[in-house]
Amino acid sequence: MKKKKISGYTHTKAQLDDYSRQMNPQNREYWLRMDNHANQLNSNNRAYYASRKNNNRR
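This text gives an overview of the structure that appears in the document.

### Description of the packing of aromatic side chains
Thinking step 1. Using the criterion set out here, one finds one aromatic pair in the structure.
Thinking step 2. Taken together, a centroid distance of 4.9 Å and an interplanar angle of 90° make the contact between Tyr30 and Trp31 edge-to-face.
Thinking step 3. Look at Trp31 and you get partly exposed, because its relative accessible area is 48%.

### A short note on the pattern of salt bridges
Thinking step 1. Taken as a whole, this structure holds three salt bridges when the rule is applied.
Thinking step 2. Notably, a salt bridge pairs Glu29 with Arg21, separated by 3.4 Å at the nearest N-O pair.
Thinking step 3. Judged by relative accessible area, Glu29 falls into the partly exposed class, the value being 31%.
Thinking step 4. What makes Arg21 partly exposed here is its relative accessible area of 30%.
Thinking step 5. Here the residues in one salt-bridge network are Asp18, Arg21 and Glu29, joined through shared partners.

Calculation criteria
Residues numbered from 1 in each chain as written. Predicted model: local features only at pLDDT ≥ 70, side-chain atom pairs only at ≥ 80, totals over all residues. Heavy atoms only, no water. Phe/Tyr/Trp six-rings, centres within 6.5 Å; stacked < 30°, edge-to-face > 60°. Buried < 20%, exposed > 50% of the residue type's maximum accessible area, 1.4 Å probe, protein only. Salt bridge = Lys/Arg side-chain N within 4 Å of Asp/Glu carboxyl O.

Read these as spatial facts, not as claims about activity.
As structure tokens, then:
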């Protein structure tokens, strides 16, 4: 799988830092992001239904 890359020319330092924290498996923010993603895919979790509440907009 090819990793996404973001450019320092089009993003601020804060955006680059946030991205790197979320993509580093040794960082807590990475695991929080993964847990949130898993909760949104699990129909036994409240986050699953909350993430689908307003998805009918087109």
